[in-house]
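Summary of the model geometry
One letter stands for each residue in the lines below.
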Amino acid sequence: MNTVTAPIGTVCVAMVTPFTAEGSVDIATAQSLARHLVNLGVDSILVSGTTGEAPTTYQPEKDELTRAVVEAVGDDAYVLAGAGSNDTAHAVRIAKSAENCGADGLLVVSPYYNRPSQRGLRAHVDAIIEATSLPVTLYDIPGRTGLAFSDETLDYLAQNDRVVAVKDATGNLEQGLERMDRTAMAWYSGDDALNFSFLNGGASGVISVVGHVAGSYYRQMVDAIRAGDTASALEIHRQLRPLVSAIMGTGQGAVLAKHALHLQGVIPQPTVRLPLVEAEPQQLERLKKAMADLDLL
């Protein structure tokens, strides 16, 4: 391990937002789900991220969700709130509301679709930083946003003490490890398939979707790496491969994570909001087999 600390915890789950069968946010289930995750060994929860269907939840819903999760697990886990938008003014409003609702930190993704310049990206992040007193985790996922953080932008933002971490979902392990060492920021794997590799390379932790059902496995993986037991961590990685593929292999992590939780009886139904739709039968069969093989059903 390098000397980078874990300012937002070590095992974070990008939590789904439970909905009722009619499609409204199910706050009671969100609270029970958050407590369930903490009981698995999760020490950080991201609300209103992509997996939380942030693009189709509205500001009052985001606020209610943040307050509820803080109330449920705020004493036991770091609560990270997504503040993503391609409208900087709206992202600032989200960030301010998250702070008022008790979030511990913000996750800031690059503006999607309108794809500003790197100077525009830096100005976007700066505006959010200046709007609150919360620490910021940058979210680099160019496959979804179409706008990657450049080396120059990361070096610039790393100089700001309020920018404490990066969630790396670029799929570029070598680039991520080099950036982690160069910037000295806390680095988090944002791709479950690369969790072991990033941790073994010195990352501070993971921000996981598969952790909804494999949180205890990732807790063991992180603890093994920190204890220098690479062999045990690698074995956990190998065991989890089919599950990671079943949940993340189609790019529909939010959908499959909800189905996995529903299969376990943790949430009452796997309802998603359009344009997301429920999983296909073959996807569910693959998921059930992967979970059964790990005794997760």
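Our subject is the structure listed above.
Definitions and cut-offs
- Residues numbered from 1 in each chain as written.
- Predicted model: local features only at pLDDT ≥ 70, side-chain atom pairs only at ≥ 80, totals over all residues.
- Heavy atoms only, no water.
- Pairing = 2+ DSSP bridges.
- Helix = DSSP H or I, 4+ residues; strand = E, 2+ residues; numbered from the N terminus.
- Axes fitted to C-alpha atoms, helices over the stretch in contact; angles between N-to-C directions.
- Salt bridge = Lys/Arg side-chain N within 4 Å of Asp/Glu carboxyl O.
- Buried < 20%, exposed > 50% of the residue type's maximum accessible area, 1.4 Å probe, protein only.

With respect to the sheet that holds strand β2 (residues 44–47)
The strand order β1-β2-β3-β4-β5-β6-β7-β8 describes a closed barrel built from 8 strands, whose pairing is parallel. Between one strand and the next, the sheet's axes are offset by a mean angle of 25°, whatever the strand orientation.

A closer look at the pattern of salt bridges
When the charged atoms of two side chains lie near each other, side chains of opposite charge can form a pair. Evaluation of the coordinates by the stated rule reveals 11 salt bridges. For the salt bridge of Lys258 with Glu53, the shortest nitrogen-to-oxygen distance reads 2.7 Å. With a gap of 205 residues between them, Lys258 in helix α11 (residues 253–264) and Glu53 in the loop between β2 and α2 (59–73) connect regions that are remote in the sequence. Each member of the pair Lys258 and Glu53 is classed as buried.

Brief notes about unusual backbone geometry
Between Leu274 and the following residue, Pro275, the backbone shows a cis peptide bond with an omega angle of 15°. When you line up the elements, Pro275 lands in the loop between α11 and α12 (281–293). Look at Ser48: it is not a glycine, yet its phi comes out positive at around 60°. Relative to the assigned elements, Ser48 resides in the loop between β2 and α2.

Remember that the coordinates give geometry; whether it matters functionally is a separate question.
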